[in-house]
Number of protein chains: 2
Amino acid sequence: MESTTALDPATALEPATALESATALEPATALESATAPESTRTTESSTRATVHRPAGPVAPTDAAAVALRPLAGRAVRLDPDGFLGRWQRRNATETLPHCVTNLERDGALDNLRHAARGERQRFSGKWFADSDVYKTLEAAAWWLGHADDGRLTELLDEVADVLAAAQREDGYLNSWFQLMDPEHRWMNLAVGHELYCAGHLLQAAVAAIRGGVGPRLVEVATRLADLLVDRFGGDGRLGICGHPEIETALVEFFRCTGNRAYLELAAGMVELRGRGWLAEHSVDTGLGGSSFGAAYYLDHMPVREAGAATGHAVRQLYLEAGVVDVAVETGDRSLLAASERIWEDLFATKTYLTGAHGSRHRDESIGDRYELPPDRAYAETCAAIASFQWNWRLLLATGRARYADELERVLYNAIAASTAVDGRHFFYSNPLQLRVDHDGTEEDAARRQAWYKCACCPPNLARLLASLDAYLASSGPDGIQLHLYSAATIATWIGDSPVELRVDTEYPWRGRIAVAVASTAAAGSWELALRVPGWCDRTPTVTVNDEPMDAEASDGYLRLRRAWREGDTVVLDLPMPARLVTPHPHLDAVRGSVAITRGPLVYCLEQVDLPDGVRLDDLRVDPAAAPIPVAIAGLLDVPVGVVAHGFVEPDGEQALYDTRERPPHARRPIDVLTIPYFRWANREPGAMRVWLPTA
Amino acid sequence: MESTTALDPATALEPATALESATALEPATALESATAPESTRTTESSTRATVHRPAGPVAPTDAAAVALRPLAGRAVRLDPDGFLGRWQRRNATETLPHCVTNLERDGALDNLRHAARGERQRFSGKWFADSDVYKTLEAAAWWLGHADDGRLTELLDEVADVLAAAQREDGYLNSWFQLMDPEHRWMNLAVGHELYCAGHLLQAAVAAIRGGVGPRLVEVATRLADLLVDRFGGDGRLGICGHPEIETALVEFFRCTGNRAYLELAAGMVELRGRGWLAEHSVDTGLGGSSFGAAYYLDHMPVREAGAATGHAVRQLYLEAGVVDVAVETGDRSLLAASERIWEDLFATKTYLTGAHGSRHRDESIGDRYELPPDRAYAETCAAIASFQWNWRLLLATGRARYADELERVLYNAIAASTAVDGRHFFYSNPLQLRVDHDGTEEDAARRQAWYKCACCPPNLARLLASLDAYLASSGPDGIQLHLYSAATIATWIGDSPVELRVDTEYPWRGRIAVAVASTAAAGSWELALRVPGWCDRTPTVTVNDEPMDAEASDGYLRLRRAWREGDTVVLDLPMPARLVTPHPHLDAVRGSVAITRGPLVYCLEQVDLPDGVRLDDLRVDPAAAPIPVAIAGLLDVPVGVVAHGFVEPDGEQALYDTRERPPHARRPIDVLTIPYFRWANREPGAMRVWLPTA
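Residue numbers restart at each chain and count upward from 1, following the sequence in its written direction. Naming scheme: in the order in which they are written, chains are lettered from A and ligands are numbered from 1. With pLDDT at 70 or above as the cut-off, local features in this predicted model cover only qualifying residues; side-chain atom pairs require 80 or more to be listed or tallied, and sums for whole chains, interfaces and linings still use all residues. Only hydrogens and water are set aside; all other atoms, that is, all heavy atoms of the structure, feed into the side-chain values.

Draft legend 1. Here's a closer look at the relation of the copies chain A and chain B. Structural alignment of chain A on chain B gives an RMSD of 0.0 Å, achieved by rotating through 180° and translating 0.0 Å along the axis. On this basis, the relationship between the two copies can be described by a two-fold rotation axis. To superpose the copies, least squares is applied to the C-alpha atoms of every residue with a pLDDT of at least 70 in both.

Draft legend 2. Summary view of the packing of helix H14 (residues 333-349) of chain B against helix H16 (residues 401-417) of chain B. Residue and element names in this part refer to chain B. Lines fitted to C-alpha atoms define the axes, with helix axes restricted to the stretch in contact, and inter-axis angles between N-to-C directions lie between 0 and 180 degrees. Think of it this way: any DSSP run of H or I at least four residues long counts as a helix, any run of E at least two long counts as a strand, and we number them from the N terminus. Between H14 and H16, whose axes approach to 13 Å, the crossing angle comes to 50°. It follows from the interaxial angle that H14 and H16 lie oblique. Crossing handedness for the pair H14 and H16: left-handed. On the side of H14, the interface is formed by Glu-340, Trp-343, Glu-344 and Phe-347, while H16 contributes Arg-402, Tyr-403 and Glu-406. Throughout this description, any angle smaller than 35 degrees is read as roughly parallel, any larger than 145 degrees as roughly antiparallel, any in the 65 to 115 degree range as roughly perpendicular, and the remainder as oblique. Working rule for handedness: look at the near helix, and if it is turned counterclockwise from the far one by less than a right angle, call the crossing left-handed; if clockwise, right-handed. Contact between two residues is taken to exist if any of their heavy atoms lie within 4.5 Å; hydrogens are not considered.

Draft legend 3. Spatial organisation of the sheet that holds strand E6 (residues 479-482) of chain A. All names here are of chain A. Taken together, five strands build an open sheet; the order of strands is E2-E5-E6-E10-E13 and the sheet is mixed. The sheet is open, and its two edges are formed by strand E2 (69-70) and strand E13 (557-562), each paired on a single side. Any two strands between which DSSP finds at least two bridges are classified as paired. Alignment of E6 against strand E10 (residues 526-531), held across four bridges, turns out to be parallel. Counted as the bridge partner of Ile-480 is Leu-528 from E10.

Draft legend 4. Structural context of the pattern of salt bridges. Residue and element names in this part refer to chain A. In what follows, salt bridge is the name for a side-chain nitrogen of Lys or Arg lying within 4 Å of a carboxyl oxygen of Asp or Glu. This model, assessed by the stated rule, comprises 90 salt bridges over all chains. As a salt-bridge pair, Asp-106 and Arg-105 come within 2.9 Å of each other at their nearest N and O atoms. Looking at Asp-106, the relative accessible area reads 32%, which means it is partly exposed. If you follow the salt bridges from partner to partner, you end up with Arg-210, Glu-252, Arg-255, Asp-325, Glu-329 and Arg-393 in one network. Partly exposed residues are those whose accessible area sits between 20% and 50% of the maximum for their type, while under 20% is buried and over 50% is exposed, using a 1.4 Å probe and protein chains only.

Draft legend 5. Up close: the domain arrangement of chain A. Residues and elements named next belong to chain A. Domain annotation for chain A reports domain 1 (14-18 + 579-693), domain 2 (107-281), domain 3 (300-471) and domain 4 (476-505 + 512-575). Marked domain ranges trace back to an automatic or database domain assignment. Taking the mean C-alpha position of each, domain 3 and domain 4 sit 29 Å from one another. Contacts between domain 3 and domain 4 engage 12 residues on the former and 10 residues on the latter. For the domain 3 and domain 4 pair, buried surface summed over both sides reaches about 780 Å², with 54% attributable to carbon and sulfur atoms. Residue Asp-405 is joined to Arg-531 by a salt bridge in which the shortest nitrogen-to-oxygen separation is 2.7 Å. Residues adjacent in sequence count toward polar contacts only when both atoms are side-chain atoms; beyond that, a polar contact is any pair of N or O atoms within 3.5 Å, and within protein one must be able to donate a hydrogen and the other to accept it. On the surface where domain 3 and domain 4 come into contact, there are five residue pairs in polar contact (both at pLDDT 80 or more). Per element, the largest residue contribution to the side of domain 3 that touches domain 4 is seven residues, and it comes from helix H16 (residues 401-417). Residue composition of the side of domain 3 that touches domain 4, grouped by class: nine nonpolar, one polar and two charged. Computed with a 1.4 Å rolling probe, the buried area is the accessible surface lost when two parts are put together, summed over both parts. Residue classes follow a fixed rule: Ala, Val, Leu, Ile, Met, Phe, Trp, Tyr, Cys and Pro count as nonpolar, while Asp, Glu, Lys and Arg count as charged, and any other residue, Gly among them, counts as polar.

Draft legend 6. Highlighting the pairing of strand E16 (residues 593-598) of chain B. Residue and element names in this part refer to chain B. Taking burial as the measure, the six residues of E16 include six buried ones, the bulk of the element. Here E16 shows two buried faces, one formed by Ser-593, Ala-595 and Thr-597 and the other by Val-594, Ile-596 and Arg-598. By the bridge criterion, four bridges tie strand E15 (residues 578-583) to E16 in an arrangement that is antiparallel. Along E16, the bridge assignment pairs Val-581 with Ala-595. Here E16 pairs with strand E17 (residues 601-606) via two bridges, running antiparallel.

Draft legend 7. View of helix H11 (residues 260-272) of chain A. All names here are of chain A. Between the first and last residue of a helix there are one fewer steps than residues, each counted as 1.5 Å, and that sum is the expected span. Here H11 contains 13 residues, and its C-alpha end-to-end distance of 18 Å stays within 8% of the 18 Å for a straight helix at 1.5 Å per residue. Those residues of H11 not exposed but buried are Tyr-262, Leu-263, Leu-265, Ala-266, Ala-267, Gly-268, Met-269, Val-270 and Leu-272. Elements in contact with the buried residues of H11: helix H8 (194-211), helix H9 (215-232), helix H10 (246-257), helix H12 (277-281), helix H13 (313-330) and helix H14 (333-349). N-capping of H11 is provided by Asn-259, with a side-chain oxygen placed 2.9 Å from the backbone N of Ala-261. Gly-274, located one to two residues past H11, shows a positive phi value of around 85°.

Draft legend 8. Quick look at the nonpolar core. All names here are of chain A. Leu-84, Leu-137, Leu-163, Phe-388, Trp-390, Ile-415 and Val-690 are the most contacted members of the largest nonpolar core, which has 246 residues in total. The element contributing the most residues to this core is helix H15 (residues 381-398), with 12 residues. For Leu-84, the residues in contact, after removing those within four places along its chain, are Leu-78, Leu-411, Tyr-412, Leu-468, Leu-472, Leu-484, Tyr-485 and Ser-486. Within this scheme, the nonpolar core is defined by two criteria: the residues are buried Ala, Val, Leu, Ile, Met, Phe, Trp, Tyr or Cys, and they are joined through side-chain atoms within 4.5 Å.

Draft legend 9. Seen up close, the environment of His-665 of chain A. Residues and elements named next belong to chain A. Among the secondary structure elements, His-665 is positioned in the loop between strand E21 (657-658) and strand E22 (668-676). Its relative accessible area of 27% is what places His-665 among the partly exposed residues. Taking the C-alpha atoms as reference points, His-665 and Phe-388, 277 residues apart in sequence, are found 45 Å from one another.

Draft legend 10. Expanded view of the packing of aromatic side chains. Put simply, two rings from Phe, Tyr or Trp (the six-membered ring, in Trp's case) pair if the centres are within 6.5 Å, and we call them stacked under 30 degrees between planes, edge-to-face over 60, tilted for the rest. Overall, the coordinates contain 50 aromatic pairs over all chains when judged by the stated rule. Judged by centre distance (5.6 Å) and plane angle (75°), the ring pair of Tyr-485 of chain B and Tyr-507 of chain B falls under edge-to-face. Within this pair, whereas Tyr-485 of chain B is found in the loop between strand E6 (479-482) and strand E7 (488-494), its partner Tyr-507 of chain B is found in the loop between strand E8 (497-505) and strand E9 (512-520), the two being separated by 22 residues in sequence. Grouping residues by exposure puts Tyr-485 of chain B and Tyr-507 of chain B together as buried. An aromatic cluster is present here, built from Phe-83, Trp-87, Tyr-412, Tyr-485, Tyr-507, Trp-509, Trp-535 and Phe-678 of chain A joined pairwise through their rings. A ring has a charge above it when a Lys NZ or an Arg CZ is no more than 6 Å from the ring centre and no more than 35 degrees off the ring normal. Sitting above the plane of the Phe-232 of chain B ring, Arg-231 of chain B keeps its charged end 4.5 Å from the centroid. Its end group placed over the ring of Phe-647 of chain B, Arg-667 of chain B keeps NZ or CZ at 3.8 Å from the ring centre.

Draft legend 11. A look at the interface of chain A and chain B. Contact residues are listed per partner, giving 66 residues for chain A and 66 residues for chain B. Across the chain A/chain B interface, buried area totals approximately 5300 Å², and carbon plus sulfur atoms make up 45% of it. When the area that chain A buries against chain B is broken down by residue, the three leading residues are Arg-362, Leu-656 and Tyr-657 of chain A, summing to 15%. Counting the contacts that link chain A with chain B gives six salt bridges. One salt bridge connects Asp-588 of chain A with Arg-689 of chain B, and the closest N-O pair in it is separated by 2.7 Å. Where chain A packs against chain B, one counts 24 residue pairs in polar contact (both at pLDDT 80 or more). Taken together, the elements giving at least two residues each to the side of chain A that touches chain B come down to H14, strand E15 (578-583), strand E16 (593-598), E21 and strand E24 (691-693) of chain A. If you tally residues by element for the side of chain A that touches chain B, the top one is E15 of chain A, at five residues. For the side of chain A that touches chain B, a count of residues per class yields 22 nonpolar, 17 polar and 27 charged. Two strands pair when backbone bridges link them, and E15 of chain A and strand E21 (residues 657-658) of chain B are joined in this way by two bridges, in the antiparallel orientation.

The structure is reproduced here in structure tokens:
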């Protein structure tokens with residue numbers, strides 16, 4: 001470290017070069033016996049017919065107009081000590097059981113039990129609490145595809161029985177309306193969330209089908225899906241939901257069942273949207289309702305005509321996931337283009353550095369172009385998850401690396417930050433700044449909570465993480481693409497020939513990714529495409545079997561074509577210096593500030609890492625001094641921090657507004673340690689900043 | 001103008017020096033016959049007993065511990081062509097009738113008529129709509145103190161009859177609870193606004209008493225006030241309102257009636273506050289309710305212990321007005337000090353440049369220290385009015401100029417901006433920035449509306465403006481203090497001797513204020529104190545009868561003591577250059593930006609004043625170039641604009657976030673015309689900025 005350091009010498013900071021000598025990773029194969037996950041290869045190679053169907057979320061039909069396809073089966077096994085594998089494991093051991101406990105405690109499961117017993121006027125929580133149960137079932141089903149878990153199997157079986165008993169004869173199932181307001185079924189689609197809840201049930205059933213678990217759940221879901229077709233299918237009867245979600249669920253259910261009526265219903269809902277249907281057809285059933293207008297529900301402009309991302313962030317993003325699903329399954333290129341236009345507006349002007357979305361608390365909406373306040377970022381966890389889902393669908397549809405870049409950005413920052421290191425506390429909102437004396441009139445923004453009255457986020461995290469392995473790689477017409485990097489074994493096919501790849505990396509802490517062909521039966525050449533992330537602004541180095549190769553990426557991917565043999569090893573090394581990021585000049589809220597990133601990670605500065613007597617808000621960063629990665633140990637499982645050089649400028653007694661020249665301040669140099677944003681607020685509560693004012 | 005101008009030459013811009021030769025103002029006395037206002041001197045000098053009682057808002061008793069006192073009677077007559085007089089006149093001819101029309105149209109008056117007829121289950125608007133009626137009655141009563149107006153007299157009489165008929169035998173009066181929910185009287189004080197509505201009725205009655213109009217209204221109010229004492233007075237029965245306002249109303253009613261029970265009830269409410277009473281004692285009556293917690297209602301910390309301004313902005317500010325009223329009437333210095341502590345926190349760290357308060361839309365709350373986003377400023381009009389009321393009370397209590405400075409700032413900027421030039425359109429929220437493509441999911445921030453579903457602001461403006469003359473001057477133990485400057489005649493007393501002052505000024509457009517002693521019967525010397533505003537950072541010049549005087553201000557006032565004689569004339573000339581204002585370094589949201597002010601006025605730049613092809617967000621101001629006042633004509637009644645020098649820097653195709661050095665941009669110089677903030681959004685809707693990024 002070249003610059004003068006004012007850091008407490010007790011904190012062991014070593015130059016990043018020390019990382020090069022880090023302990024070599026042990027082969028992941030040694031870990032297989034750890035918790036006896038179901039061996040996906042064994043399962044799938046035994047039934048060749050199912051081999052080519054992906055076993056995770058988003059499985060386009062053979063007819064779908066997609067550039068890339070998810071890998072067949074449960075192809076990717078994440079090493080449990082790789083970054084993503086550890087996270088997925090924590091989800092299974094902590095977050096998922098925590099969700100079950102809290103759904104029980106808060107009465108969400110009891111609501112369904114009351115409905116099963118035909119009771120009335122008993123209900124706990126939000127009227128859409130069923131969806132929290134369904135998301136948790138979905139998570140359980142995905143995870144049961146990886147590992148035996150008696151409690152999760154019991155959960156699935158018990159709840160499926162409850163649902164079957166609660167379901168009305170015609171297939172209707174919604175505990176709020178059954179218990180509290182049966183007269184108003186389907187009459188308040190703007191606010192009632194009935195189709196939203198139904199969508200989450202279908203998605204749980206999709207996971208059950210692909211995981212080969214919970215047949216009873218699938219029966220219930222099928223009856224409900226058929227009711228939807230019966231009630232809303234066909235001309236003149238169509239309706240839409242105030243909270244989009246049902247669209248992508250119906251398409252996925254179509255993909256699982258082959259019943260085209262579901263796809264057609266989803267397509268009809270996409271077309272109906274934006275024509276004011278909700279305001280015209282929803283009656284006030286006493287659930288409150290919104291004074292926010294049609295854009296809040298995304299019912300202000302037809303999907304094909306909209307050019308700007310707007311309204312409630314989660315709704316906009318879920319809607320777009322469904323739009324892409326419909327577009328690829330119907331081969332509708334103009335519909336896909338409409339979704340890409342929304343994406344361009346959103347990601348060019350309305351996206352936080354962390355990949356989060358939603359600038360406004362009041363209506364949880366996206367906000368204006370360049371309206372991205374770090375302190376008042378709403379940045380809902382569910383919106384980040386929805387963005388991940390949409391970007392994955394766009395990546396499959398187009399093969400364009402920009403979608404993988406956003407997938408990675410939102411995963412490692414906004415999504416990762418939403419959960420505490422213990423896996424049992426969560427942020428609903430993920431701001432990029434917290435002031436010293438934050439006024440928590442609304443919420444305690446400095447502390448993750450164990451649960452929320454509106455508990456949409458924790459089970460949403462659970463279902464994403466339980467299926468996270470499905471998003472690492474894909475197959476194209478003639479090869480395999482790696483999009484996200486974590487230590488893993490990938491067992492897949494080239495044509496009909498099994499291929500196993502072994503990925504070893506300490507990503508995101510180091511940029512070195514080794515991909516070895518562990519076994520192959522494929523004859524002839526095929527392309528192995530390794531993503532070169534958008535954040536990588538220096539040419540990476542690449543070797544194949546230790547031979548240096550041209551590392552020029554093509555459309556964001558390093559594309560290596562050859563007749564791969566067992567033992568072949570590609571090593572991609574992405575230079576990963578720490579960087580200062582400057583914002584677009586129109587981004588008013590962080591003008592005159594820089595942020596620190598390294599690789600895919602956004603870093604932040606917490607008050608707790610400053611010396612006594614130094615207030616975070618008095619810190620200025622020197623934009624001319626390069627930030628320096630440092631090895632740190634024992635701090636929140638973070639091996640690499642970044643040290644920035646700057647100054648402390650106490651504000652003295654300055655006026656809030658001044659017409660006089662402000663006198664130059666006494667300032668003293670300081671080096672400060674920043675940590676990854678995703679680990680903030682895991683120690684004592686205090687101020688935090690992603691954007692640091694410059695000197 | 002020295003700098004190169006890119007302004008359309010068609011716009012007539014002249015150097016500010018041209019203002020010096022502006023047409024001399026005609027003596028205001030020539031205007032007296034215009035609309036035959038009731039001559040306050042005549043009225044009051046005929047009844048000597050009432051002469052020494054102020055006839056406007058806030059009239060401390062003789063026993064009150066105040067440093068300054070409002071002038072007796074209706075001492076100030078604003079010239080109708082002075083700045084404040086014109087505004088007050090517009091209020092009477094446009095805003096007040098507009099309020100009456102809209103209260104009729106929206107059913108707020110009908111609610112009371114239904115209650116008078118003993119009907120049930122008929123109600124329009126918000127459950128606290130009575131308060132909008134009462135504020136309008138208050139405005140009418142204040143204005144009838146100035147001018148005959150048959151329609152307003154009829155209104156007062158008719159509504160007083162309706163109220164008398166609607167009032168229950170025990171004195172209860174609240175149309176929402178009477179019509180819709182009589183079982184829950186006083187049971188939901190957190191949300192019900194019953195005491196808030198009662199407070200506004202008392203304030204209307206105070207105006208009626210001081211204006212000598214509407215005796216029937218006073219009877220109704222007295223019965224309700226006595227019910228409050230009966231219901232809430234005494235140990236163990238006390239309650240508080242979720243929306244403070246009743247406190248100041250009770251003290252004012254005590255001041256009018258001499259009934260100390262009202263003061264004691266108000267004092268008890270102030271003491272009870274902040275102990276969680278509302279959460280413990282309020283039942284959910286289906287009005288919704290707030291999940292915002294105790295601070296939202298200002299029930300989180302005892303008033304004497306609170307050190308930070310927090311919670312719902314209007315509630316915090318109304319509460320503090322009541323706190324000061326109680327403190328001065330009970331001689332409680334520690335209570336006054338508690339209010340001054342809140343003031344110091346608020347005005348040092350949580351106040352917009354326009355004097356507005358409230359940084360958050362979601363819960364209409366004040367926000368963190370230095371959390372002052374210009375674009376998402378909530379800055380509610382009612383909060384600005386409440387700030388004005390509180391600052392006036394603090395000014396009387398202490399005589400400190402800092403309160404007069406804030407009185408002026410909020411009046412000329414936040415309050416003035418809330419009404420359109422037509423006097424019939426209003427902003428509820430007063431942001432300091434509007435982006436080019438503002439996403440009005442919530443509201444149309446670019447256009448003032450004729451009325452609001454929650455119509456608290458327009459009638460609040462009406463009552464303030466109808467009594468605006470009362471805030472210009474005060475009397476101290478030994479003289480007269482002028483706080484706000486506008487052309488006016490001031491007829492008051494020094495001891496028992498009548499004195500008439502004549503104020504001539506074009507303030508806020510010019511800094512020259514001439515104060516002539518038009519007549520005097522006072523013997524001996526007394527002090528004439530003229531406020532030297534805090535914005536004035538150059539020594540003003542002063543002459544008395546053309547003799548230069550030492551212009552050193554003492555505690556914000558130029559204090560001139562002598563045996564004043566008829567014809568004596570003081571001319572205070574406040575240098576009024578245009579200024580660039582820089583924000584405190586902790587004020588993140590406007591870092592790297594400057595604002596333009598001149599005198600008490602904040603200026604802003606609107607898209608409509610930029611040449612075709614120049615986008616407001618591409619503008620940079622040169623902080624080294626002094627802004628230049630220019631005479632403008634025919635633009636929204638604004639005689640003085642300010643020209644700033646800067647550059648246009650088109651953003652090109654820059655990334656939202658970038659790790660590379662941004663290339664230097666082609667930029668071209670430009671001079672831009674800024675207009676007073678209070679006149680923004682009176683032409684075609686478009687982008688606006690108060691804070692302009694620097695080059």
